[in-house]
Amino acid sequence: MRYKSIALGIVLLALLSMVSLTLVAAQNQSAQGFVEGLLQDILSSDGRRVLVEDVSISIDGDVTAERIEVQDDTGTWLVMETFSLDWQPLSLLSNSLQIDSLSVERISVQRLPATADTNSDAAPPAELSNLRDADIKKVSISNLEVSEKVTGETFVFEVEGAGGVKQTPPEVRLDLKAQRTNGGDSRVTASMLLDPLSRALKLDFQLKEGKGGLVVNLLDIAGEPAVDLKASAKGSIDDWQGRFGLNLDASVAAKGTATVATIDAGKRLTLEADGDIG
């Protein structure tokens, strides 16, 4: 049940990681090896592997990959199909990298990962040592599919956004909006600021849903009410503090704080809240 309650966060972090790591890694990659270097060298880790299929480079330098699989020790848990990077390779010679569009036709979150690298003392990837300014004008995911194994029901979202990187101070910025497309009225907005060197993180998140949406499925809330969930977090990727407020059918159901801390056994989530969720 604990893992179901943090599924929203895992899905969101998958999106944030895909875009922010693209912005950072692009600054030190040639077009020919961009996708392989980005996904293999950065996303792969102990207990996690990335397989990239059918990478191609157009005459003007745009990059596509037909299929990307992220695996753990038990198999594939996340699949990307038709990854496309529309950028300006000559901007590598300027002070600011220009990415016109980063798009994925389909991302399928088939289940939660069975393993994860929890070493908070690990050094950042070499690609992060020489940040410079970058701008990504558009992020687009036509179909983000979250399996019923994660949420109890399959949810499909269309996602759009934008982002950027600053050298001083080191900063990765990402703004996203998502709309459910397979029934129901679910809308998500999220904004993130990340220092990729210190791993300092600031996150603001809001989810509005009609009756029978994602949150009530995750939390097994009786009556399947409409939801308005607001949350914010600040700290580091490994240890952070946050606040949240949850309204059900326009009435306050819960509000409080959440803290995630790294301990010897892994991660500890502490919630302090007032309210009553039926």
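Residues numbered from 1 in each chain as written. Predicted model: local features only at pLDDT ≥ 70, side-chain atom pairs only at ≥ 80, totals over all residues. Heavy atoms only, no water.

## Notes on the packing of aromatic side chains
Turning to step 1, where the next piece is worked out: Counted according to the given criterion, the structure contains one aromatic pair.
Turning to step 2, where the next piece is worked out: The interplanar angle of 15° and the centroid separation of 6.5 Å between the aromatic rings of Phe 155 and Phe 157 together place this pair among those described as stacked.
Turning to step 3, where the next piece is worked out: Given a relative accessible area of 0%, Phe 155 falls into the buried group.
Turning to step 4, where the next piece is worked out: Of the residues examined, Phe 157 reaches a relative accessible area of 5% and is grouped as buried. (Phe/Tyr/Trp six-rings, centres within 6.5 Å; stacked < 30°, edge-to-face > 60°. Buried < 20%, exposed > 50% of the residue type's maximum accessible area, 1.4 Å probe, protein only.)

## Re unusual backbone geometry
Turning to step 1, where the next piece is worked out: One non-glycine residue, Asp 54, adopts positive backbone phi at about 55°.
Turning to step 2, where the next piece is worked out: With a phi close to 50°, Glu 224 is a non-glycine residue in the positive phi region.
Turning to step 3, where the next piece is worked out: Tracing the backbone through its elements, the reader meets Glu 224 in the loop between α5 (214-219) and β10 (227-236). (Helix = DSSP H or I, 4+ residues; strand = E, 2+ residues; numbered from the N terminus.)

## Observations regarding the pattern of salt bridges
Turning to step 1, where the next piece is worked out: Summed over the entire model, instances satisfying the criterion amount to 10 salt bridges.
Turning to step 2, where the next piece is worked out: Where Glu 69 meets Arg 67, a salt bridge forms, and the shortest distance between an N and an O atom there is 2.9 Å.
Turning to step 3, where the next piece is worked out: A relative accessible area of 14% means that Glu 69 is categorised as buried.
Turning to step 4, where the next piece is worked out: Of the charged contacts, one joins Arg 111 and Asp 72 as a salt bridge, the two residues approaching to 2.8 Å between their closest N and O atoms. Of this pair, Arg 111 sits in the loop between β4 (96-109) and β5 (133-146) while Asp 72 sits in strand β2 (residues 63-72), placing them 39 residues apart in sequence.
Turning to step 5, where the next piece is worked out: Given a relative accessible area of 0%, Asp 72 falls into the buried group.
Turning to step 6, where the next piece is worked out: The network of salt bridges with shared partners includes Arg 67, Glu 69, Glu 81, Arg 106 and Glu 145. (Salt bridge = Lys/Arg side-chain N within 4 Å of Asp/Glu carboxyl O.)

## A short note on the confidence of the model for the protein chain
Turning to step 1, where the next piece is worked out: This prediction gives the protein chain a mean pLDDT of 78; 76% of its residues lie at or above 70.
Turning to step 2, where the next piece is worked out: Confidence over residues 1-8 falls short of pLDDT 50; this stretch has 19 contacts with residues more than four positions distant or in other chains.
Turning to step 3, where the next piece is worked out: Throughout residues 23-32 the model reports pLDDT below 50, and contacts reaching past four residues in sequence, or to other chains, amount to 41 contacts. (pLDDT = per-residue confidence, 0-100. Contact = heavy atoms within 4.5 Å.)

## A word on the side chain of Arg 180
Turning to step 1, where the next piece is worked out: Here Arg 180 is to be found in strand β7 (residues 171-180).
Turning to step 2, where the next piece is worked out: The buried category is assigned to Arg 180, whose relative accessible area is 7%.
Turning to step 3, where the next piece is worked out: Of the polar contacts made by the side chain of Arg 180, one reaches the side chain of Glu 153; its length is 3.1 Å.
Turning to step 4, where the next piece is worked out: Discounting residues that sit within four places of it in the chain, Arg 180 has contacts with Glu 153, Thr 154, Phe 155, Val 156, Phe 157, Ser 186 and Gly 212. (Polar contact = N/O pair within 3.5 Å; in protein donor to acceptor, adjacent residues only side chain to side chain.)

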